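The chain contents come next:
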Amino acid sequence: MRYRINREDFFAREEEQGTMAIMVCKTNRILHFNRAGRHIFDVCDRWVELDEFLHDLGAVNTTPAKLRRYFEEILYKLHACGLARLEEIPQPAGTGCRLAQQGDYMHISRFLTAYAQKGQSCATIVGEGYNGPYGVYTRLYERQTHYLLSEQEGELLALLEISQPNHISGNTVLSISTAVFHEKLDAQDACEQLRLLTDHAAKLFGGYASKLRYPYMHPRQQWMRDSLAKCGFVQTAFFPGELQNGCDMIWYDRMIQ
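Described in the following lines is the structure provided in the data block. (Residues numbered from 1 in each chain as written. Predicted model: local features only at pLDDT ≥ 70, side-chain atom pairs only at ≥ 80, totals over all residues. Heavy atoms only, no water.)

**Quick notes on the overall build of the protein**
From N to C terminus, the protein includes seven helices and 13 strands. Referenced to the eigenvectors of the C-alpha coordinate spread, the extents of the protein come out at roughly 60 × 40 × 35 Å. Counting only residues that meet the buried cut, the protein has 44% of its 257 residues in that class. Both charge centroids of the protein, one from 28 positive and one from 31 negative side chains, sit 3 Å from each other. (Helix = DSSP H or I, 4+ residues; strand = E, 2+ residues; numbered from the N terminus. Buried < 20%, exposed > 50% of the residue type's maximum accessible area, 1.4 Å probe, protein only. Lys, Arg positive; Asp, Glu negative; His and termini not counted. Charge placed at Lys NZ, Arg CZ, Asp CG, Glu CD.)

**Digging into the pairing of strand 2 (residues 10-14)**
Two faces make up the sheet, and in a regular strand the side chains alternate between them. Strand direction decides the pairing type here: strand 2 and strand 3 (residues 20-24), joined by five bridges, are antiparallel. Note that in strand 3 the partner of Arg 13 across the bridge is Ala 21. Linking two consecutive strands that pair antiparallel, namely strand 2 and strand 3, is a turn of five residues; a positive phi of about 55 degrees is found at Gln 17 within it. (Pairing = 2+ DSSP bridges.)

**What about the sheet that holds strand 6 (residues 84-87)?**
Pairing is antiparallel in the open sheet, where three strands are placed in the order 5-1-6. Two strands in the sheet have a free side with no partner beyond their single neighbour: strand 5 (48-49) and strand 6.

**A word on the packing of aromatic side chains**
Two numbers describe a pair of aromatic rings. These are the distance of the centres and the angle of the planes. Tallied over the entire structure, the rule returns twelve aromatic pairs. On the numbers, 5.1 Å between centres and 80 degrees between planes, the contact of Phe 33 with Phe 41 is edge-to-face. Plain terms: the ring middles of Tyr 137 and Tyr 141 are 5.8 Å apart, the flat faces sit at 15 degrees to each other, and that makes the pair stacked. Of the two residues, Tyr 137 and Tyr 141 are both situated in helix 5 (residues 133-141); the distance of four residues between them amounts to about one turn of the helix. Linked through ring pairs, Tyr 3, Phe 53, Tyr 70 and Phe 71 together constitute an aromatic cluster. For the cation-ring pair, Arg 139 lies above Tyr 130, with the distance from its terminal atom to the ring centre recorded as 3.6 Å. One residue, Arg 213, lies across the ring of Trp 251, its end atom 3.7 Å from the ring centre. (Phe/Tyr/Trp six-rings, centres within 6.5 Å; stacked < 30°, edge-to-face > 60°. Lys NZ or Arg CZ within 6 Å of the ring centre and 35° of its normal.)

**Regarding the nonpolar core**
Ile 5, Ile 40, Phe 41 and Leu 78 are the most contacted members of the largest nonpolar core, which totals 45 residues. Here the element with the most residues in this core is helix 2 (residues 64-80); it accounts for seven residues. Contact partners of Ile 5, with chain neighbours within four places excluded, come to Phe 10, Ile 40, Phe 41, Cys 44, Asp 45, Leu 78, Leu 83 and Ala 84. Cys 122, Phe 181, Leu 197 and Tyr 214 belong to the second largest nonpolar core, which has 28 residues in total. (Core = buried A, V, L, I, M, F, W, Y, C linked by side-chain atoms within 4.5 Å. Contact = heavy atoms within 4.5 Å.)

It is worth stressing that arrangement in space is one thing and function is another; only the former is reported here.
Now the structure itself:
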């Protein structure tokens, strides 16, 4: 990986105990860096190889793998905020289902932007602000949302957006808010991807959560509801006229403990 940070794109301010605050000129976002992280700004206005940067840091009290991961995450954050330019970014190459990591934010954002309103996809929010790189990165960084990915040789075929509702104290239910599928998948293939992802979620979160839930609130969710029924989801609650527009809300759950 290589990166470039232009000094004219930010203002720096010294903070206590050697830390530093950065204001991104383009967005006025304020970012804070500790004494280690601030070294990413030691070299500006030219392209820098990450390996070169890490070598020049010298001796540090951590393993090379942890050090690389630490600064990769800083660069991803700076890129998502519009401050760093990145090239030669490691690309996914696997096949199967997995939980997304912070470095997947660009991969996910491109997929959501391209397919959230196509084919069998059913996304709660389709706006650029929500599905753009910064929005996706922020949810991954703050662990507000889990993205489960299904890939074929690195190509993203489907994803689920899963979160834990924060308005219920002691809640152990994980709610599926969005399912997005590549437009090349027909209804049968998309249903199979949904089965793979929900099975993976059950294994991944079993022991932590008690169930997966899908709230049904609109007729456009009909395909999702019917497909989830083939994946072990059953109706557990019906709330007539629950929504502000007078529509009903129905919960479909799958026990995972």
